[in-house]
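Read off the chains here:
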Amino acid sequence: GISSSSCKACGDSKRTGSAELEPPQTVYIGCSSSTQQHRGSGLLLHLLLSMVSIPSPTAIAKSWLDAFATALAGGDPRAVLALFGPECFWRDLVAFTWNLRTEEGPVAIGAMLTARLVDVAPHAFELRGEAINSKNRVEAWFGFETRVGRCSGHVRLQGGLAWTLLTTLDELKG
């Protein structure tokens, strides 16, 4: 038969069954944790997950973007490169290089930053909309300004580090 009670971690209703649910299990309906089924020690997992704060894709993207903006403002390409993974790509459409370029890998990205960072003076970084989690990567759009224009960017983070970065000049100032 079926019996009802509440989840001890979040208070959501549950149904325990033996006839309809094989093997017998407890299902928490609308449970606020990321696990919706509890079996045996699953309740312990449910309790642990309800106490752990997992950052949202937007929080991860904002943290990376804030660190990126700070590193760029500091003018040290090495600090910027610390935010990129070992396999990384930066596609720039006029914003940094005044050209259409793809820099592949930390060495090429570092060389571009060494040559262009002081002149570009990027600043005013802010996320645009909510970041998403896609194929175990966080993706986010953002805006920023340079000395001469307003720009857009898109980043794909893998393991908290930039895998791909796109920067584009949207319009010139003045």
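In the block above lies the structure referred to throughout.
Residues numbered from 1 in each chain as written. Predicted model: local features only at pLDDT ≥ 70, side-chain atom pairs only at ≥ 80, totals over all residues. Heavy atoms only, no water.

### Examining the sheet that holds strand β5 (residues 84–93)
The sheet built from six strands is open, its strands ordered β6-β5-β10-β9-β8-β7 with mixed pairing. If you trace the sheet from one side to the other, it starts and ends with β6 (100–104) and β7 (123–134), each paired once. Direction aside, neighbouring strands of the sheet carry axes that sit 15° apart on average. Packing of helix α2 (residues 57–74) onto the sheet brings it into contact with β5, β7, β8 (137–145), β9 (149–158) and β10 (161–172), and relative to β7 it is tilted by some 150°. Each of β5 and β6 touches helix α4 (residues 105–120); the most contacted strand, β5, lies at about 45° to it. (Pairing = 2+ DSSP bridges. Helix = DSSP H or I, 4+ residues; strand = E, 2+ residues; numbered from the N terminus. Axes fitted to C-alpha atoms, helices over the stretch in contact; angles between N-to-C directions. Contact = heavy atoms within 4.5 Å.)

### What about the nonpolar core?
Counting 30 residues, the largest nonpolar core has Trp 64, Phe 68, Phe 84, Trp 90, Phe 96 and Leu 113 as the members making the most contacts within it. Of the residues forming this core, the biggest block, seven residues, is contributed by α2. Excluding residues within four positions of it along the chain, Phe 68 makes contact with Val 80, Leu 83, Phe 84, Trp 90, Phe 125 and Leu 165. (Core = buried A, V, L, I, M, F, W, Y, C linked by side-chain atoms within 4.5 Å. Buried < 20%, exposed > 50% of the residue type's maximum accessible area, 1.4 Å probe, protein only.)

### A look at the side chain of Glu 139
Within the element layout of this structure, Glu 139 appears in strand β8. Polar contacts involving the side chain of Glu 139 include one to the side chain of His 154, which spans 3.4 Å. Excluding its chain neighbours within four sequence positions, the residues that come into contact with Glu 139 are Ala 131, Ile 132, Ser 134, His 154, Val 155 and Arg 156. (Polar contact = N/O pair within 3.5 Å; in protein donor to acceptor, adjacent residues only side chain to side chain.)

### A closer look at a nonpolar patch on the surface
Residues Trp 98, Val 148 and Leu 172 make up a contiguous nonpolar surface patch of roughly 300 Å² in combined accessible area. Note on placement: Val 148 falls in the loop between β8 and β9. (Patch = residues over 30% accessible without salt bridge, like charges linked within 9 Å, V, L, I, M, F, W, Y side chains within 5 Å. Areas by Shrake-Rupley, 256 points an atom, 1.4 Å probe, with all protein chains shown as cover. Salt bridge = Lys/Arg side-chain N within 4 Å of Asp/Glu carboxyl O.)

### Side note on the environment of His 123
Mapped onto the secondary structure, His 123 falls in strand β7. His 123 gets classed as partly exposed once you look at its relative accessible area, which sits at 34%. With residues near it in sequence (within four places) discarded, His 123 still touches Phe 144, Glu 145, Thr 146, Arg 147 and Lys 173.

### Quick word on the side chain of Thr 164
As for its placement among the helices and strands, Thr 164 is situated in strand β10. Given a relative accessible area of 14%, Thr 164 falls into the buried group. In this structure Thr 164 touches Phe 89, His 154, Val 155 and Arg 156, once residues within four positions along its chain are discounted.

### Here's the deal with α4
Remark: the principal bend of α4, roughly 40°, maps to Thr 114. Of all the residues in α4, the buried ones are Gly 105, Ile 109, Gly 110, Met 112, Leu 113, Arg 116, Leu 117 and Val 120. On its buried side, α4 packs onto α2, α3 (77–81), β5 and β6. Just downstream of α4, Ala 121 is the residue with a positive phi angle, here 50°. (Bend = angle between axes of the 7 residues up to and from the residue.)

### Side note on the pairing of β8
Bridge analysis of β7 against β8 gives seven bridges, and the strand direction is antiparallel. Among the inter-strand pairings, Ser 134 is bridged to a residue of β8, identified as Arg 137. Remark: two residues form the turn of the hairpin made by β7 and β8, two consecutive strands paired antiparallel; Lys 135 in that turn has positive phi of roughly 55°. Here eight bridges tie β8 to β9, and the two strands are oriented antiparallel to one another. What sits directly across from Val 138, in β9, is Leu 157.

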